[in-house]
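Structure assessment
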Amino acid sequence: MTRATAVTALSRMTACCLRGALAAGLGLGSLTVLVMVMWIASPYPDRGPEGALDVAAGVWLLAHGTELLRAGPSPAAGPVPVGVVPLLLLALPAWLAYRTARDTPVGDAGGMVCGVTAGYTAVGAGAAGCALGGPLAPDLLSAALHVPPVVALAAAAGAWTANGCPAGPLPAWVPERLRVGLARFRTGVAVRAAAAALVTLVGGGALLVAVSLVWHAGAALDALLSLSDAWAGRAAVLLLALALLPNAAVWGAAYGLGPGFALGTGAVATPLAVAGDPAVPVFPLLAALPAAGRGSWPHWAAVVVPVAAGVVAARFTVRKAAVRGVRETLVTASAAAVLCGAGAAALAAAAGGPLGAGRLAEFGPVWWRVGAAALGWTAVVGVPGALLLRWWCLRSPGSAPVPAAEGSGPSGLPPVPQPGIPVPPGPREPLAPSGAGDAARPPDAVDGDPSTEPYGLLPASWEDDFLAGGGFLTEDGFLTGDDFLAGDDGSEAPDTTPGSAPGSAAHGVRPYEVPAPARDVAGGAPDEEAPEGTPEGPLQKEAEGAGEGDRAGVGAGAAGVPRDSGADGPSPSTGTGDGDGGGDGER
């Protein structure tokens, strides 16, 4: 590596670090403004502005998954952990790191991700040092284990997007057999099916939470009003509840899957029953929890959520892989079930955590139980459902999904004609210029002038009318088909023998000209019948006046006006023809 290359790499790394630090500062500043507004609106703040800044730094670290420590009820009890991360707050730093990496112009993606992560982590270390003396002090080990991975994952996603979301190649350290397996068609289908099933699970959980909140609206309102007498405090509680809505959706999904969630040590809420003695603090979202005791049919109806997720996984699997065999359909649906279980376990781990010491040390869904339940439901419903849908699609003709053919072009190209399937006509492409003079020829139409439309926008019948001899009336006089086929300087048309290639200079067809249809040697109308309603031109009238029996003769005499033999090219019709119009004429 030369010195110039090293200096360039160092400058790029420095720029990435600065961008990462800027992203961290934007996130920290946004939360600081929000906390300061709440502090100003509070009628009885228990701390000064320094305490508000410490709380803002602690909340910012909590948004990355860092566990906080608050003061216990007594000095002898020690600090109390707070580990439930509002997932809506997590979206802010993740989005900032993602955008920073995506918009950073650097060639080395790995170096860019490391630079952004290093700059972001430096700001996080400073925030952790400032928040150590506040009411929400961070656990330094938890901060070191959560902040860098979150930023690195978000930055890697941004770099991947900036490079066009490539599907490969995988790193060289990945085993070859695994690389070959992941490169197959079924891998992408399994990922999409698992993502669709996971979205269905979370959406169904959010629907369960919404229905329960409406059912317990009175209890939720009482909890809100009892937490604070001031409107500023109630607004803060509402903002916290809004930030915890994604957590509540994951809790609802865990409830529908069956394992439910923990409500303290020894207490679990499931569709079958709420077992144990729940230790539930007063909070509006927790007011929507089911009552203690055995469940009833409204609680059992939550099983619709995982069933719907399995059906969605089966549908996404069959849509791409149904025609490739039973074995591939089975493998794809099974892989989607495994991925869905892994995603559900990750969401459950992020949505729960401790809310204190003692009985509140376990709060939220247990990740391994939720993951196993999601895997089981998606496999039990999705795999047989995929096979059944495959059989149904192949049984119904015309409804079976057809995968993209190998070697097909990218989207945007004209469709490939298929037997029995009409293809809509595409836009007409301009003809290639036949010479140097034609390349500089201006278009036939003038923008904004409807009277001069290009060739492709004129009616299809104008060509037949024009070349049959009708012609058009222009400013220079009456333009006929022969005049159209002649040169721009009034000379005769070049040779149009069958040996010359259409569109070439020898053929004499300009980019905006159309070759004349085949005539008989007498210069009359074409052998085919003129379309109905076609106006009769001078050439056709003269040919008809000659009579059916006088078709043989000199072409120039039949045309009425002989051409000059000294022109640049030979006359297109100078010989005699037989009675059939195709005799031995001299060309």
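One can find the structure itself at the top, above this paragraph.
Overview of the structure.

The rules behind these values
Residues numbered from 1 in each chain as written. Predicted model: local features only at pLDDT ≥ 70, side-chain atom pairs only at ≥ 80, totals over all residues. Heavy atoms only, no water. Helix = DSSP H or I, 4+ residues; strand = E, 2+ residues; numbered from the N terminus. Contact = heavy atoms within 4.5 Å. Axes fitted to C-alpha atoms, helices over the stretch in contact; angles between N-to-C directions. Parallel < 35°, antiparallel > 145°, perpendicular 65-115°, else oblique. Left-handed = near helix turned anticlockwise from the far one by under 90°. Phe/Tyr/Trp six-rings, centres within 6.5 Å; stacked < 30°, edge-to-face > 60°. Buried < 20%, exposed > 50% of the residue type's maximum accessible area, 1.4 Å probe, protein only. Lys NZ or Arg CZ within 6 Å of the ring centre and 35° of its normal. Pairing = 2+ DSSP bridges. Expected span 1.5 Å × (residues − 1). Salt bridge = Lys/Arg side-chain N within 4 Å of Asp/Glu carboxyl O. Core = buried A, V, L, I, M, F, W, Y, C linked by side-chain atoms within 4.5 Å. Patch = residues over 30% accessible without salt bridge, like charges linked within 9 Å, V, L, I, M, F, W, Y side chains within 5 Å. Areas by Shrake-Rupley, 256 points an atom, 1.4 Å probe, with all protein chains shown as cover.

We now examine the overall build of the protein. A count of helices and strands for the protein gives 19 helices and 10 strands. In the protein, the share of contacts with a sequence separation of at least 24, taken over all contacts with a separation of at least 6, comes to 69%.

The subject of this paragraph is the packing of helix α8 (residues 217-227) against helix α9 (residues 231-243). Two elements in contact, α8 and α9, have axes whose closest approach is 8 Å; the angle formed by their N-to-C orientations is 130°. Relative to α9, the element α8 lies oblique. In the packing of α8 onto α9, the handedness of the crossing is right-handed. Where α8 approaches α9, its residues L224, L225 and L227 are matched on the opposing element by R234, V237 and L238.

Let's shift gears to the packing of aromatic side chains. Tallied over the entire structure, the rule returns five aromatic pairs. For the pair W60 and Y120, a centre-to-centre distance of 5.8 Å together with 25° between the ring planes defines the contact as stacked. On the criterion of sequence distance, the pair formed by W60 in helix α2 (residues 49-62) and Y120 in helix α4 (residues 109-131) is long-range, its members being 60 residues apart. Accessibility classification places W60 together with Y120 in one group, the buried group. Residues W391 and W392 carry aromatic rings whose centres are separated by 6.2 Å and whose planes lie at 55° to one another, so their mutual orientation is tilted. When its relative accessible area of 49% is taken as the criterion, W391 is described as partly exposed. Every member of this aromatic cluster is reached through a ring pair, and the members are W251, Y255, F261 and F363. Note that R234 overlies the ring of W231, its terminal NZ or CZ placed 5.0 Å from the centroid.

Strand order in the open sheet formed by three strands is β2-β1-β3, and the pairing between neighbours is antiparallel. Both outer strands of the open sheet, β2 (80-82) and β3 (137-138), are each paired with one neighbouring strand and no more. Across two bridges, the pairing between strand β1 (residues 68-70) and β3 is antiparallel. Within β3, the position partnered with L69 by the bridge is A137.

Spanning 14 residues, α2 covers 20 Å between terminal C-alpha atoms, matching the ideal 20 Å at 1.5 Å per step. Among the residues making up α2, those that are buried are G51, A52, D54, A56, A57, G58, V59, W60, L61 and L62.

A few words now on the pattern of salt bridges. Using the criterion set out here, one finds three salt bridges in the structure. In this structure, the salt-bridge partner of R102 is D103, at a minimum N-O distance of 3.2 Å. Owing to a relative accessible area of 31%, R102 belongs among the partly exposed residues under this scheme. Assessed through its relative accessible area of 38%, D103 is described here as partly exposed.

Attention now goes to the sheet that holds strand β7 (residues 293-294). The strand order across the open sheet built from five strands is β7-β6-β5-β4-β8, with neighbouring strands paired in antiparallel fashion. Edge positions in the open sheet fall to β7 and β8 (363-364), since each of these has one partner strand only. Strand direction decides the pairing type here: strand β6 (residues 273-275) and β7, joined by two bridges, are antiparallel. In the sheet register, A273 faces β7, and the bridge partner there is R294. Lying over the sheet, helix α10 (residues 245-257) contacts β4 (261-263), β5 (268-269) and β8, oriented at roughly 110° with respect to β4.

Generally speaking, a soluble globular protein has its nonpolar side chains buried in company with each other. By size, the foremost hydrophobic cluster in this structure holds 21 residues, and its most contacted members are W251, F261, L263, F283 and L286. Breaking this core down by element, the ones donating at least two residues are α9, α10 and β4. The leading source of residues in this core is α10, at three residues. With residues up to four places along the chain from it excluded, the contact list for L263 reads W251, A269, P278, A279, V280, L289, E362 and F363. Membership of the second largest hydrophobic core comes to 18 residues, among which are A193, A194, A197 and L201.

Glancing now at a nonpolar patch on the surface. A cluster of nonpolar residues, L34, L88, L239, L242 and L245, forms a patch on the protein surface that exposes about 400 Å² of accessible area. Looking at the element boundaries, L239 is found in helix α9. Since its relative accessible area comes to 37%, L239 is described here as partly exposed.

This part is about the environment of G293. Position of G293 among the secondary structure elements: in strand β7. Setting aside residues up to four positions removed in sequence, G293 forms contacts with A273 and V274.

Examined against the element boundaries, R102 turns out to sit in helix α3 (residues 87-102). Sequence spacing of R102 and T161 is 59 residues, and the spatial spacing of their C-alpha atoms is 6.4 Å. Not counting chain neighbours up to four residues away, the residues in contact with R102 comprise G158, T161 and A162.

What follows concerns unusual backbone geometry. A positive phi is found at C165, a non-glycine position, where the angle reads about 50°. Structurally, C165 is set in the loop between α5 (140-162) and α6 (176-182).

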